[in-house]
Amino acid sequence: MKREHDVEQEALFGTLPVQGKERLYGFLDAFLVLSGYCIATWSYTQGAYLATLVGFRQLLIGAFLGAVFMLLIYQLPVILSARWGIDIWVWLRAVFGPRGVKVMTVVIILINFPWYAVCAELFASSMGNLAGLFGLRISHGEHILLALLCVGLGSLIALRGPGAITWTTRLLVPLLLLVGCVVVFVGASSVPAEVLWSYRPTDPPYGGGVIAYIISVEANFAFVITLVGGMAEVPRLTRTEPAALWSGVLGQGLSGSFFVVVGAVMAIAMEYVTGQVTEDPTLMLATLTVPAVALLSLLLVAFANVGTQAVGSYIYAVMLRASFRLAGYRTLLAVLAGYVTLLCLWGKVTEYFGSFLTIGACVYAPLAALLFTDFFFVRKQRLDLRSAYGMEGHRAYDYTGGFNWVGLFCVAAGIAISLVAYDPVNATVRCLPLFSLTPTGASFLGTGLLYYLFSRIPATRRYLLRDREVRP
């Protein structure tokens, strides 16, 4: 019995394939968990950011259609996670090699986990505004302590595992969706319908027009593609392949996009009422609603960040275990919490939100493209699991000293394509034809095509497909 328990724990918190009897989620629970993963107050931040770029109608189209379109493409490989109960990072050992996967995992953590510092910062702001409703002022030091409280609470829930996360999201997500509806009603009631529907930013970058619109679409692509690193941890616990795919597409594409639009509505309402745009949802709520509604909404909005911190900590700790198998789950949770703590102490993640978003997409887009292309067009949904797990006598994925240099070269090329199209630090368009595809779109297409071409050249095809007999 103890051995069976240990195997089950390793499947849930580690790298072993999750068997059918160990699967936890149907569609609804997976939908709620993944909704809870992406409807933290960073969605409000994204909505407020988009409202500085384009008009409300353009924002609606980009937020929903852009997100769902990108999710439908890059999330298709989650069917492998549901089919075999494995993390995509197990599959990616075939794409990068076992040591190459470690490098990519560290890179993804470094550029993605700052999202959870955004969560913590917004939690602290929420609690500070709650205190303000009672006439209390929060010092800078107390703000940092509140941010660290969010990290600590989320990490404690993650420590309890998927069961605790499931119950947290079952309670929290429906309430958050209700709050979102209330917030939309409050925001729309604060602004005449024609003003909201006809809204355009007063000083958009590049004078507005097509470039600003492309940047808004890129922001939506970049926003959802940042989920690629940890997108398999919930699907691998899901009972069917359709549930695994559609819970992600709808949970992240509809629920997440809904809250992006909520953030935009509130930002537009704040500009109309106060003359200033703000991305802090708690300040919006405190300004635009009566105290009782504001208090309840602020509490739920604040603790949405704790739920997101919990789901994200679990997902990325398990993701790290797929590459660093000797490290314990608790140890990896502590490392992730420590990284977010340092970012909270620095305190400038939200200040560089737009650049941070696009810089992350520079890596996520080629990663998603390689996974998609390898799964459907190169390896064609066939993986040698013995080689993927490095079993004795099965070393097809060791490549060159543990690195698949073809895969790593394609990632570097994809990053270069994105940077040739657009400079995210200085917000400068470098190549308009590539930029018109959006930096994320150009990188995704370019990386996928390059990797596929390598798979058709006899020498590199033999190198990539060592796990089977390869015909010229």
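Bear in mind the structure is a predicted one, so any value in this text is a computation, not a measurement.

This next bit is on the layout of surface pockets. The space that makes up the largest pocket amounts to roughly 240 Å³. Lining the largest pocket are 16 residues, with Pro98, Arg99, Lys102, Arg325 and Asp398 sitting closest to its centre. Looking at the lining of the largest pocket element by element, the count peaks at four residues for helix H7 (residues 98–112). Counted by class, the lining of the largest pocket contains six nonpolar, four polar and six charged residues.

Another point: the packing of helix H12 (residues 209–225) against helix H21 (residues 439–456). Contact geometry of H12 with H21 gives a least axis separation of 8 Å together with a crossing angle of 60°. What the angle tells us is that H12 and H21 run oblique. Contact residues: H12 offers Glu218, Phe221, Ala222 and Ile225, while H21 offers Pro439, Thr440 and Gly441. Classifying every residue of the contact of H12 with H21 by side-chain character gives four nonpolar, two polar and one charged.

Quick look at H12 now. Quick reminder: α-helices carry 3.6 residues per turn. Residues three or four places apart thus point the same way. For H12, which comprises 17 residues, the first-to-last C-alpha distance of 25 Å matches the rise-based estimate of 24 Å (1.5 Å per residue) to within 8%. The buried fraction of H12 amounts to 13 of the 17 residues, a majority that puts the element mostly inside the structure.

Before going further, it helps to spend a moment on the packing of helix H3 (residues 42–51) against helix H13 (residues 241–274). Look at H3 against H13: their axes get within 7 Å of each other, and the N-to-C directions meet at 55°. When the axis of H3 is compared with that of H13, the two are oblique. By crossing handedness, the relation of H3 to H13 is classed as right-handed. Between H3, through Ser43, Tyr44, Gln46, Gly47, Ala48, Leu50 and Ala51, and H13, the contact on the second element is made entirely by Gly256, Phe259, Val260, Val262, Gly263, Ala264, Ala267 and Ile268. In terms of residue class, the contact of H3 with H13 is made up of 10 nonpolar, five polar and no charged.

Here the protein averages 83 in pLDDT, and 88% of its residues register 70 or above. Low pLDDT, under 50, characterises residues 1–8; the stretch is placed with two contacts to residues that sit more than four places away or in other chains.

The next thing to look at is the nonpolar core. Soluble globular proteins tend to pack their nonpolar side chains together in the buried interior. Within the largest apolar cluster, 141 residues are counted, with the highest numbers of intra-cluster contacts made by Tyr74, Trp89, Phe96, Ile108 and Tyr316. Among the elements that make up this core, the one with the highest residue count is H13 (13 residues).

By secondary structure assignment, the location of Arg93 is in helix H6 (residues 88–96). For the buried Arg93, no salt bridge is present, and the opposite-charge side chain at shortest range is Asp87, 8.0 Å distant. Ignoring anything within four residues of it in the chain, the contact list for Arg93 reads Pro98, Val101, Ala322, Arg325, Ala388, Tyr389, Tyr397 and Tyr399.

Pairing of side chains with opposite charge becomes possible as their charged atoms draw close. Inspection of the entire model under this criterion finds four salt bridges. Here Glu241 makes a salt bridge to Arg83, at a shortest N to O gap of 3.0 Å. Within this pair, whereas Glu241 is found in helix H13, its partner Arg83 is found in helix H5 (residues 78–84), the two being separated by 158 residues in sequence. Of the charged contacts in the structure, one is a salt bridge between Arg430 and Asp423, with a shortest N-O distance of 3.5 Å. Judged by relative accessible area, Arg430 falls into the exposed class, the value being 52%. The exposure class assigned to Asp423 is buried, which follows from its relative accessible area of 10%. Here the residues in one salt-bridge network are Asp374, Arg379 and Asp467, joined through shared partners.

A few words now on empty space enclosed by the protein. If a probe the size of a water molecule is rolled over the atoms, the empty space left behind becomes visible. Tallying each qualifying case throughout the model produces one cavity of 30 Å³ or more. The computed volume of the largest cavity comes to approximately 150 Å³. Along its surface, the largest cavity is lined by 18 residues, and Cys38, Phe223, Val224, Thr226 and Leu227 are the ones closest to its centre. Elements with a contribution of two residues or more to the lining of the largest cavity: helix H2 (27–38), helix H4 (56–74), helix H8 (114–133), H12 and H13. Each residue belonging to the lining of the largest cavity can be placed in one class, and the counts come to 12 nonpolar, six polar and no charged.

Enumeration over the complete set of coordinates arrives at 20 aromatic pairs. Measuring from centroid to centroid gives 5.8 Å for Phe27 and Phe31, while their planes differ by 25°, and the two rings are stacked. Pair noted here: Phe27 and Phe31 are both in helix H2, with a separation of four residues, about one helical turn. Put simply, the rings of Trp84, Trp91, Phe372, Phe375, Phe376, Phe377, Phe444 and Tyr452 pair up and form one aromatic cluster. In this structure, Arg83 is placed above the aromatic ring of Trp84, and the distance from its NZ or CZ to the ring centre is 5.6 Å. Residue placement shows Arg93 over the ring face of Tyr389; its charged tip is 5.3 Å from the ring centre.

Here we take up the environment of Ala327. Residue position: Ala327 is located in the loop between helix H15 (291–323) and helix H16 (329–346). Note on Ala327: relative accessible area 21%, which makes it partly exposed. On a C-alpha basis, the gap between Ala327 and Ala317 in space is 9.9 Å, while along the polypeptide they are 10 residues apart. Discounting residues that sit within four places of it in the chain, Ala327 has contacts with Arg321 and Leu332.

What follows is about helix H10 (residues 162–190). Helix length check: H10, at 29 residues, gives a terminal C-alpha distance of 40 Å against a target of 42 Å (1.5 Å per residue), a fit within 8%. Where H10 bends most, the angle comes to about 30°, and this point is Thr169. Looking only at H10, the buried set comprises Pro162, Ile165, Thr166, Thr169, Leu172, Val173, Leu176, Val179, Gly180, Val183, Val186 and Gly187.

Before going further, it helps to examine the environment of Leu71. As for its placement among the helices and strands, Leu71 is situated in helix H4. Given the relative accessible area of 0%, Leu71 is considered buried. For the pair Leu71 and Ile225, spaced 154 residues apart in sequence, the C-alpha separation works out to 7.4 Å. Excluding residues that lie within four positions of it along the chain, Leu71 makes contacts with Leu76, Val224, Gly248, Val249, Gln252 and Gly253.

Analysis parameters
Residues numbered from 1 in each chain as written. Predicted model: local features only at pLDDT ≥ 70, side-chain atom pairs only at ≥ 80, totals over all residues. Heavy atoms only, no water. 1 Å grid on protein atoms, 1.4 Å probe; cavity = no way out; pocket = protein on both sides within 12 Å on 5 of 7 lines; lining within 4 Å. Points joined across faces, edges and corners; volume = space filled by probe spheres on them. Helix = DSSP H or I, 4+ residues; strand = E, 2+ residues; numbered from the N terminus. Nonpolar A, V, L, I, M, F, W, Y, C, P; charged D, E, K, R; others polar. Axes fitted to C-alpha atoms, helices over the stretch in contact; angles between N-to-C directions. Parallel < 35°, antiparallel > 145°, perpendicular 65-115°, else oblique. Contact = heavy atoms within 4.5 Å. Expected span 1.5 Å × (residues − 1). Buried < 20%, exposed > 50% of the residue type's maximum accessible area, 1.4 Å probe, protein only. Left-handed = near helix turned anticlockwise from the far one by under 90°. pLDDT = per-residue confidence, 0-100. Core = buried A, V, L, I, M, F, W, Y, C linked by side-chain atoms within 4.5 Å. Lys, Arg positive; Asp, Glu negative; His and termini not counted. Salt bridge = Lys/Arg side-chain N within 4 Å of Asp/Glu carboxyl O. Phe/Tyr/Trp six-rings, centres within 6.5 Å; stacked < 30°, edge-to-face > 60°. Lys NZ or Arg CZ within 6 Å of the ring centre and 35° of its normal. Bend = angle between axes of the 7 residues up to and from the residue.

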